[in-house]
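Per-entry structural report
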Amino acid sequence: MSVEVDLLLQEAKESIEAAQNYRSELQQRLNGLNQARKQVRGSSGQAREALRRHFTELQAAAGRLLTERLATLLAEVDAIEADSVKPLDDCQSLIEHGVSQADELLKEGEAALRCGLGEKEDKLGSFTKKAMHIHLDSLPEVPALVDVPCVSAQLDDSLLGMLRDRVSRLGSVSAHPPVQIDELQERPGSVLARWCKVDEDFAAADYRLQYRRSGSGGGQFEDAYIGRDCEFLVLHLDPHTDYQFRVCARGEGRTEWSPWSIPQTGYTTLAPHEWCPGTEGYILSSRKNIALRNDSSQARYPILYSNAPTYFCGQTLTFKISAAGQVDRRDSVGVCVDSRKGAESLQRDQAVCISTNGTLTRAQCHFISLKCVFIRK
């Protein structure tokens, strides 16, 4: 009977443990759903705000441009009108002055005809002289209607159609960005970011990678890379510090960038690579990450070690030669577990050495942490 009870107790414990694990898994999925819902609603709100802000700014700018253009055209009409009306006003003043003189002359002539015989000769003589002075046979020239401006406005009705067509294609809404961060690998003092297209129909011409520190004090995203490659090594990062990375793309023949990918958090636990200072035979840069060989040095064992272990088991090491001077057959590069003072070569246990001619020398070792070295064999 006790054996059956023990079996039942064991089954009960296993069932309880399974139920706890099941509940924990379900709770994690609920948290995932909440995060997904938060992302959908948050991104939708941001998209609405971006659309409203863009179209409001566009409406204001379009209204301002139309108002400015209207003011310019009205000013042109006012200038044409002023320039054209002035000579007409001058001509009108001249004609009105002539009409006034003619009225006075008519009154004087009629008065001379009605006066008595004793005064008629003098008044008629004065009237005749005045009439000759006015030049009654000279008339001002009035321009014909075809010679004066007839102001009109020419408006291109096709602009409204073009505007309607452009507005109908303005902006777009997408549920997913065309590219996403695929992988973030830690490197000494840096993070290698890789991304990939998730929309196969999107023809990308360029990619744009940005990063920033995580947290409230992280500040704005900064450009790290713009180009056609699908990976980039972001340098000069502080170890044990979270950074956010995001990427977008620009389509062939387009000027605008696609929506940003979902920010991914990455970090590095490895300190930036530095060569060990004080090694005779080498000159180091200010960051101690670049070493130049001092050929004038008389050092007997010019082996240059890294300042600290910067690589660990399982990591891939890539050596890239960005510039080279005179090649020496004794030059080589390699990795080792520890630094041995006075050693002449890396051709020993727990070390790997590659010479300039491509020869690989490897001894049996179990790497826990690795040091980079530069030596002359």
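Data block above holds the structure.
So, how was this worked out
- Residues numbered from 1 in each chain as written.
- Predicted model: local features only at pLDDT ≥ 70, side-chain atom pairs only at ≥ 80, totals over all residues.
- Heavy atoms only, no water.
- Helix = DSSP H or I, 4+ residues; strand = E, 2+ residues; numbered from the N terminus.
- Buried < 20%, exposed > 50% of the residue type's maximum accessible area, 1.4 Å probe, protein only.
- Contact = heavy atoms within 4.5 Å.
- Areas by Shrake-Rupley, 256 points an atom, 1.4 Å probe, with all protein chains shown as cover.
- Salt bridge = Lys/Arg side-chain N within 4 Å of Asp/Glu carboxyl O.
- Pairing = 2+ DSSP bridges.
- Axes fitted to C-alpha atoms, helices over the stretch in contact; angles between N-to-C directions.
- Phe/Tyr/Trp six-rings, centres within 6.5 Å; stacked < 30°, edge-to-face > 60°.
- Core = buried A, V, L, I, M, F, W, Y, C linked by side-chain atoms within 4.5 Å.

Some details on the overall build of the chain
Scanning the chain from terminus to terminus reveals 3 helices and 15 strands. Counting the 377 residues in the chain, one finds 22% classified as buried. A separation threshold of at least 6 residues defines the contact pool for the chain, and within that pool the share at least 24 residues apart is 60%. When the accessible surface of the chain is split by element, carbon and sulfur atoms take 54% of a total near 27800 Å².

Concerning the pattern of salt bridges
A full pass over the atoms with the stated rule returns 11 salt bridges. Of the charged contacts, one joins Arg-169 and Asp-165 as a salt bridge, the two residues approaching to 3.0 Å between their closest N and O atoms. Given the relative accessible area of 56%, Arg-169 is considered exposed. You can call Asp-165 partly exposed: its relative accessible area is 38%.

With respect to the sheet that holds strand β6 (residues 243-251)
Across the sheet, 4 strands lie side by side as β4-β3-β6-β7; this open sheet has antiparallel pairing. With one partner strand each, in any of the chains shown, β4 (222-227) and β7 (264-266) form the two edges of the open sheet. This sheet shows a mean twist of 30° between the axes of neighbouring strands, independent of strand direction.

Considerations on the packing of aromatic side chains
This structure, assessed with the given rule, holds 5 aromatic pairs. Note on Trp-195 and Tyr-225: the rings are 6.1 Å apart at their centroids and 40° apart in plane angle, and the pair reads as tilted. Highlighted residues: Trp-195 in strand β2 (residues 190-197) and Tyr-225 in strand β4, separated in sequence by 30 residues. One exposure class covers both Trp-195 and Tyr-225, and it is buried. Joined through ring pairs, the aromatic side chains of Trp-195, Tyr-207, Tyr-225 and Phe-232 make up one cluster.

Points about the nonpolar core
Within soluble globular proteins, side chains that are nonpolar tend to cluster in buried spots. Membership of the largest hydrophobic core comes to 17 residues, with the highest contact counts inside it found for Trp-195, Tyr-207, Leu-209, Leu-237, Phe-245 and Val-247. Elements with a minimum of two residues in this core: β1 (179-187), β2, β3 (204-213) and β6. Setting aside residues up to four positions removed in sequence, Phe-245 forms contacts with Ile-181, Leu-184, Val-191, Leu-209, Gln-210, Tyr-211, Val-234, Leu-237, Ile-262, Pro-263, Gln-264 and Gly-266. Membership of the second largest hydrophobic core comes to 6 residues, among which are Tyr-305, Cys-336, Leu-346 and Cys-353.

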